[in-house]
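Structural overview for review
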Amino acid sequence: MLEIKNLHVTVGGKAILKGLDFSIEAGQVHAIMGPNGSGKSTLGNVIAGREGYEVTQGEVLYKGKNLLELAPEVRACEGIFMAFQYPVEIPGVNNTYFLRAALNAQRKYRGEPELDSMEFLKLVREKLKILHINDDLLHRAVNEGFSGGEKKRNEIFQMAVLEPVLAILDETDSGLDIDALRLVAEGVNRLRSDDRAMIVITHYQRLLDHIVPDKVHVLADGKIVARGGAELALKLEEQGYTWLEQGGIQSLGAELRA
Amino acid sequence: MSALAQQWGESLRSATPAQGPRWLDELRLRASDQLTAHGLPQRKDEDWKYTPMRVLEKLNPAIAYHPGSENHFLEKGQTTERGLNGKWFSDPIFPAALLDKPDYEIRVYDGVLVGHEGSDRPGVTVLSLTEGLQRYESLLRKHIESVDISGSAQAFTALNTATLNQGLVIHIDQQVDAGTMLLRWALSGKAGPSIHNFRVFLLLGEGTRLQLIEQFESADHSGSALNVVVHVELGSNAVLDHLRLQNESENTVLMSSTRIDQAQGSRYLYAGFDLGGGLVRHELKTVFGGSGAHATFLGAFVLDNARHVDNHISVDHASPGCSSEQFFRGVLGGRSRGVFNGKALIRPGADESSVRQSSANLLLSPLAQIDTKPELEIYADEVEARHGATVGQLDEAAIFYMRSRGLGEAEAKRLLVAAFCRAVTDRLENQALAGRISQLIDQAMPSFTQEN
Ligand SMILES: Nc1ncnc2c1ncn2[C@@H]1O[C@H](COP(=O)(O)OP(=O)(O)OP(=O)(O)O)[C@@H](O)[C@H]1O
Ligand SMILES: [Mg+2]
């Protein structure tokens, strides 16, 4: 589904990703862990198509095609969804109105009929019920004045409505209470299917208790330095990244070293 | 002096003088002399620094005279030669009305009253200027003589006074609710580019109410100029809700000057929307002549191409315990230019006054320009004053966020601009009207598909 080869990215002239290799197949959930500032969000932003990230080397293939030449909205219409680490507040733009406009833009792209406001409301009610989200967030402006946790819930709500093919969750678990954490996990697990893939960026094992990943990747200093099964996350939680940096990688089995 | 001012001067000198009361004939001559001596506003006139006369000079309009037509102003329900059988002649020059079924509808076509329709409300009088001068001479005289016509900065009020013979007088007896009134202005440019002059009097007695909606919109876009002077008198506790929509073509010039005199406890609620025009200026000046009065000036302008819109608001807190607010939102694309100048003067003794002022602007293009200037002068005690002016661009992070959900870039920008303007439309009490104006704002937005 997604294949990244030798990706080098600079931001504001500074090299952030330095030869990153990564791939994920349909039906899988992968976790990416790694120290602060290692480039995890940068990777997500490059996949989503944010400006200001200069790819100096390497390639990103999505469904076998060059992803990097597509506009962000085309990527979204092709099924890519990023739950942002810091969702943006958009004063004055109604949350529900915005989401319907987004869904209809995607449906139009796929040649499907657009949903009128009644049909959309029905869909929203269904999703809200499943996700146990309070519907007063719907009547407000996009993320405006939302608490940290409410913003994350709103991202998951958008994901549930848009039903992406490839979802990237950038620290969606940070700042969430225990119930909300379960809710995020539920949102992800419900979307899990043979034709979808999900990348979960996280610092904590907690989330991975609920979403058991098929693979865990460790990103440090712009590269994937280790990969393994779900148990790698446990090991990291135990030992910390400092251990990793101070030769821990060497102590990992050869099959874990990237 | 500019060639245009000279041309106007010659035209005024050779025109047949209008016949009216002696004081008015003399005033017309004085105004004519002023204009001839000083010419058009210049860059050195502080109040005109950012609003050059280029567009007007390029249009090069001749002064339009409408001698005599004044006398044909109609009784309610009647129509002119433009109309038929008591119904509005469906003249395509007037596009769709902003308000359905107003209590009164009055149309001014190329600077001439072409009739009115309205309900029979006792205490509401709608007259032409000629009729008004017969009925309310001393009252109108007081207003007409109060207009400053001196120097180049007052060229347009001088021109309006020099040619004064077309006008509308609305008089509301005390304690009467006059309902809604739609005043529609259209220009044709049929007889070549002309400048039409018109005068409006809104005389609201004690405890009265009126919702006035002015619509400046012509279906014909061949280019003309309109120069309007409006006198508003609000008796104590009177309320005037005054909405003005201007959606003219790029070769239209509109100059408006509105003076509001507010008695104790009165409320003046203005909302101005400029979505078009080539060169447009609104001067609004209110004076609080009694305590407890309030004035709100809301405004939004959405401009593309080379349009120029200037709003000059001035509030004179001459009495204590009054409040005023100015709230403007500007969106500028293309090579357009906006000017916002908001003055508030709190005179000595006007204690416990409250002044709020906010001007926020979005520049959508590197060539667009806004000059925004708040001027607060406070000489009284216990005054609450707040003001803020911002100039910014569309939030790139928000645009990316929306695009990442599938919205096209143009659509994302439209949503942001619409949201920005909603800060003004949300404050209109009439929801249906707010909805219509939002639609017009949507249509007025610069095209985002090409870089402009
Ligand atoms: N616009 C920018 N200009 C300069 N440096 C930047 C910019 N954006 C990101 N960086 C730098 O790139 C590096 C990687 O940032 P990134 O946000 O990808 O880290 P991260 O792995 O997501 O960290 P965290 O775990 O804290 O979220 C950081 O050192 C950051 O300061
Ligand atoms: Mg991050």
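Shown above is the structure to which this text applies.
Residues numbered from 1 in each chain as written. Chains lettered and ligands numbered in written order. Predicted model: local features only at pLDDT ≥ 70, side-chain atom pairs only at ≥ 80, totals over all residues. Heavy atoms only, no water.

We now examine the packing of aromatic side chains. Describing an aromatic ring pair means giving the distance of the ring centres and the angle of the ring planes. Applying the stated criterion across every chain yields a total of 10 aromatic pairs over all chains. On the numbers, 5.1 Å between centres and 5 degrees between planes, the contact of W185 of chain B with F216 of chain B is stacked. Taken together, the residues span a long stretch of sequence, with W185 of chain B in strand β6 (residues 177-186) and F216 of chain B in strand β8 (residues 209-216) at a distance of 31 residues. Residue classification places W185 of chain B among the buried positions, given a relative accessible area of 1%. A residue is classified by how much of its surface remains accessible, and F216 of chain B, at 1% relative accessible area, is buried. Aromatic side chains Y270 of chain B and F297 of chain B sit 6.0 Å apart centroid to centroid with 45 degrees between the ring planes, which places their arrangement in the tilted category. Within this pair, whereas Y270 of chain B is found in strand β12 (residues 267-274), its partner F297 of chain B is found in strand β14 (residues 294-303), the two being separated by 27 residues in sequence. Comparing Y270 of chain B with F297 of chain B, the two get one shared label, buried. In this structure an aromatic cluster arises from ring pairing among F84 and F98 of chain A together with F400 and Y401 of chain B. One cation-aromatic arrangement involves R206 of chain A over Y204 of chain A; the distance from NZ or CZ to the ring centre is 5.4 Å. Here R427 of chain B stacks its cationic end above the ring of F327 of chain B, 5.2 Å away from the centre of that ring. (Phe/Tyr/Trp six-rings, centres within 6.5 Å; stacked < 30°, edge-to-face > 60°. Helix = DSSP H or I, 4+ residues; strand = E, 2+ residues; numbered from the N terminus. Buried < 20%, exposed > 50% of the residue type's maximum accessible area, 1.4 Å probe, protein only. Lys NZ or Arg CZ within 6 Å of the ring centre and 35° of its normal.)

Time to look at the site of ligand 1. Residue and element names in this part refer to chain A. Taken together, 14 residues lie near ligand 1, and I16, G37, K40, S41 and T42 sit nearest. Interatomic distance of 3.3 Å between a side-chain N/O atom of K14 and an oxygen atom of ligand 1. The side chain of K40 places a nitrogen or oxygen atom 2.7 Å from an oxygen atom of ligand 1. Contact with the protein chains covers 63% of the free accessible surface of ligand 1, which is 640 Å². Mapped by element, the contributors of at least two residues to the shell around ligand 1 are β2 (14-24) and α1 (40-48). Ranked by the residues each element gives to the shell around ligand 1, the list is headed by α1, at three residues. (Near = heavy atom within 4 Å. Polar contact = N/O pair within 3.5 Å; in protein donor to acceptor, adjacent residues only side chain to side chain. Areas by Shrake-Rupley, 256 points an atom, 1.4 Å probe, with all protein chains shown as cover.)

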